[in-house]
Every structure is written in C-alpha cells, then in structure tokens.
Amino acid sequence: MINYWAEGPTAVTITEIGKQTGSSKPSLYREFGNDDGLKAAALKLYSERALEPLYAILEQNPQPTDVIDQFIAFITQDRSSLALPLGCLQIKMRAHLRSLGPQTQSEVARIKERTLTAYAKCIRNGRRTGLFSTDVRPQIGALLFDTMNAGAMTMQSDGVPAAKIRGVLALGLSSLLAQER
C-alpha cells in the first residue's frame, strides 16, 4: 500500500513488492492472483486505514458545524510526522484508472461511490443544521468536495505548502455555506 501510495500505482512492480517484503513472486501470485489483485487489496487496505477517519468527519450527526474545518485539517495534516506519503492513493489510482486491471478499477469505483455518498450525507446534514445553503444540491456539493480533495491531494504531492492548500480549500468550500453564517 505504502509503495503504491508513494510511487504511484503504475510505478511499482510486483517483483519490487516481493523484494521489499521478502516475499517470492510466486507467493504473491498465490495470495493475490496477479498484479491487479495486489493493487486492489492495497487500495482496500488504504480505504480502511486512511479514508475511514475522513468518512467519520463527514458523517458527523446531527451538528456538523465545524465539518469544513475538520475536513481541511484532515486533508492538510502533516504527513511527515505520521511517516505517510504525500497525496492520496485513491486519487492517484483514479488518475491512472485506464492502466489498472478490472479488480482495481472495481475497487476504485466502490471507494469513489462510498466517498461521494459520505460527501452528500455531509451536505444533507449541514443543510438541516444551517451550515450549508439549502440551495446546494447534495450531489453537486459532493462533487465539489471531491474535486477540492483531489486538487488538494495533487497540490500536496506537488509540494505546495499546507497553508496555501488550506486557503484554497477554505475558499472553494465557502461556496457551500449558508449566507447567514
């Protein structure tokens, strides 16, 4: 997972994974079937470890009054202190979707749907509590959250300072807020 996250899903071979983990190539094939199975398993693990905390922020109920601040803090957290690569494995795999196998493509689609559902739920909750404008359709707001996240992860991978990414996220997501806030 870390290798695909750090190097990108198409830059790491199953042979390299075997060398780094001390596993033989045949044992990796027995466990995962092929390179596609290994990538799909890595992405599933990433979802469980890296995205579940994001979903928890987005699905706060019933008062998500500071969900945007928590979202921005989560997205821009100091990765070096956590010994984590920059960017987002899900976003990187989405960018290389056509070069990935069917199992990985299916896992990418599942995670994207789960993520968009969490964003839409956040918008619906925020509309009920007065945080988000009632003019914002949940599906449109979900796409904005997703686009902002993808852009932030790309900027992070490109070395843009976290303070600038926070500013971009705050500006972009402010369009969702209710006027009376």
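The structure presented is a predicted model; accordingly, all values stated were derived computationally and were not measured.

Here is what the cut-offs are and how they apply
Each chain has its residues counted from 1, following the order in which its sequence is written. Note on the predicted model: pLDDT of at least 70 is required for a residue's local features to be given, and 80 or more for side-chain atom pairs to be given and counted; whole-chain, interface and lining totals, by contrast, use all residues. With hydrogens and water set aside, each side-chain value is computed from the structure's full complement of heavy atoms. Aromatic pairs are defined between Phe, Tyr and Trp rings, using the six-membered ring for Trp, whenever the two ring centres lie within 6.5 Å; interplanar angles under 30 degrees are classed as stacked, those over 60 as edge-to-face, and all others as tilted. Every helix listed is a DSSP run of H or I at least four residues long, and every strand listed is a run of E at least two residues long, numbered separately from the N terminus. In this scheme, a residue with accessible area under 20% of its type's maximum is buried, one over 50% is exposed, and one in between is partly exposed, where area comes from a 1.4 Å probe on protein chains only. Expected span, for any helix, means 1.5 Å times one less than how many residues it has. Buried Ala, Val, Leu, Ile, Met, Phe, Trp, Tyr and Cys residues that are joined via side-chain atoms within 4.5 Å together make up what is termed a nonpolar core. The contact criterion used is simple: two residues touch if any of their non-hydrogen atoms lie within 4.5 Å.

A. How the structure looks around the packing of aromatic side chains. Following the criterion strictly, the structure yields five aromatic pairs and no others. Both rings, one in Tyr119 and one in Phe145, keep their centres 5.1 Å apart while their planes meet at 10°; by these two values the pair is stacked. Placement of Tyr119 in helix α8 (residues 102-129) and of Phe145 in helix α9 (residues 138-157) is noted, with a sequence separation of 26 residues between them. Judged by its relative accessible area of 0%, Tyr119 falls in the buried class. Classification of Phe145 as buried rests on a relative accessible area of 0%. Considering the side-chain rings of Phe132 and Phe145, the 6.3 Å spacing of their centres and the 85° angle between planes classify their relative orientation as edge-to-face. Linking Phe132 in the loop between α8 and α9 with Phe145 in helix α9, this pair joins segments that are 13 residues apart in sequence. Each member of the pair, Phe132 together with Phe145, is buried.

B. Just α8, in detail. With 28 residues, α8 should cover 40 Å at 1.5 Å per step; its first-to-last C-alpha distance of 41 Å lies within 8% of that length. Gly130, located one to two residues past α8, shows a positive phi value of around 90°.

C. Spatial organisation of the environment of Gln20. As for its position among the elements, Gln20 is in helix α2 (residues 14-21). A relative accessible area of 53% means that Gln20 is categorised as exposed.

D. Broad picture of unusual backbone geometry. Here Ala83, not a glycine, exhibits a phi torsion of approximately 55°, which is positive. You can see Ala83 is positioned in the loop between α6 (79-82) and α7 (89-95). Residue Ala83 is classed as exposed on the basis of its relative accessible area, which comes to 64%.

E. Expanded view of the nonpolar core. Grouped together as the largest cluster of nonpolar side chains are 48 residues, with contacts concentrated most on Leu58, Phe71, Phe132 and Phe145. Looking at this core, the element that brings in the most residues is helix α4 (residues 35-58), giving 10 residues. Beyond its immediate sequence surroundings of up to four residues, Leu58 is in contact with Val67, Phe71, Ala118, Tyr119, Cys122 and Phe145.

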